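Architecture at a glance
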Amino acid sequence: MVLDKDTAKKTAELLLQINAIKLKPENPFTWASGWKSPIYCDNRIILSYPSIRNYVREQMGKQVESLYGKPDVIAGVATGAIGIGMLVAEYLGLPFIYVRPEAKSHGRQNQIEGNLQANQSVVVIEDLISTGKSSLNAVEALKNNGAHVKGMLAIFTYGFDVANENFKKYGLDLHTLSDYDYLIQQASDTNYIKENQLKTLLEWKSSPSTWQS
């Protein structure tokens, strides 16, 4: 769920501006899942643009406080949200930890890196939500280590039905700075895409797992 419409619009504008999100309806990408997609999102690029990363850091920090107050700890989901999660923790003056997809097979064999105490409250930071499975895997790891997870805040979500269902089933609160609908509207309003491309992008959103260009 998007908390603030102006922030959602501005975030979409910035992501398009720096090519963190690319739209290629005529030459779609192939995701790791095998899905064909006219959109590709790599929000790690934000870290290379100081003014934009500071905007994202500030907006996420403010939304964390607005939604959840100040938690004890901010957690980033590895690897994409380590950088932005650390920036949000710095903005709020809070400890930071990050969660791996699975425990390391060597050394201390940690899945969670950093200092987390039992019963501490945590807000999870993500860069991108697709199906939500990897994000919720991180939440489960935190809970298994005694954390009280208050919710998750991400930069962007595709808004897939399967993600909405996964978060609802898990019972976790998810908010994002922006989403696919705001992005496509922004791209259309600024003539970043043409009318026929808009049609393709809307068709893909309705059935991403079966869509073919």
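Cut-offs applied
- Residues numbered from 1 in each chain as written.
- Predicted model: local features only at pLDDT ≥ 70, side-chain atom pairs only at ≥ 80, totals over all residues.
- Heavy atoms only, no water.
- Phe/Tyr/Trp six-rings, centres within 6.5 Å; stacked < 30°, edge-to-face > 60°.
- Helix = DSSP H or I, 4+ residues; strand = E, 2+ residues; numbered from the N terminus.
- Buried < 20%, exposed > 50% of the residue type's maximum accessible area, 1.4 Å probe, protein only.
- Pairing = 2+ DSSP bridges.
- Contact = heavy atoms within 4.5 Å.
- Axes fitted to C-alpha atoms, helices over the stretch in contact; angles between N-to-C directions.
- Polar contact = N/O pair within 3.5 Å; in protein donor to acceptor, adjacent residues only side chain to side chain.
- Right-handed = clockwise from strand over helix to strand, strands pointing away.

Some points on the packing of aromatic side chains
Scanning all chains against the criterion turns up 11 aromatic pairs. A ring pair is formed by Trp31 and Tyr158, whose centres lie 5.0 Å apart and whose planes are at 40°; its orientation type is tilted. Of this pair, Trp31 sits in the loop between strand S2 (29–30) and strand S3 (36–37) while Tyr158 is found in the loop between strand S9 (148–157) and helix H5 (161–170), placing the two residues 127 residues apart along the sequence. We note that Trp31, like Tyr158, is buried.

Remarks on the sheet that holds strand S7 (residues 112–113)
Here we have six strands laid out as an open sheet, ordered S7-S6-S5-S8-S9-S10, and mixed in their pairing. The sheet is open, and its two edges are formed by S7 and strand S10 (174–179), each paired on a single side. With eight bridges connecting them, strand S8 (residues 121–129) and S9 associate as parallel partners. By the bridge assignment for S9, Val122 is matched with Val149. The strands that helix H4 (residues 133–144) touches are strand S5 (73–77), strand S6 (96–99), S7, S8 and S9; relative to S8, the one it contacts most, it runs at about 165°.

What about the side chain of Asn43?
Among the structural elements, Asn43 can be located in the loop between strand S4 (39–41) and helix H2 (50–68). What makes Asn43 buried here is its relative accessible area of 3%. Within the local environment of Asn43, its side chain forms a polar contact with the backbone oxygen of Asp127, the two atoms lying 2.7 Å apart. Residue contacts for Asn43: discarding those within four places in its chain leaves Leu15, Ala20, Asp127, Leu128, Ile155 and Phe156.

A word on the pairing of S8
Most of S8 sits out of view: nine of its nine residues are buried. Pairing analysis gives four bridges linking S5 to S8, with the strands arranged parallel. The residue bridging Ala75 from the neighbouring strand is Val124, located in S8. Read from S8 through H4 to S9, the crossover connection turns out right-handed.

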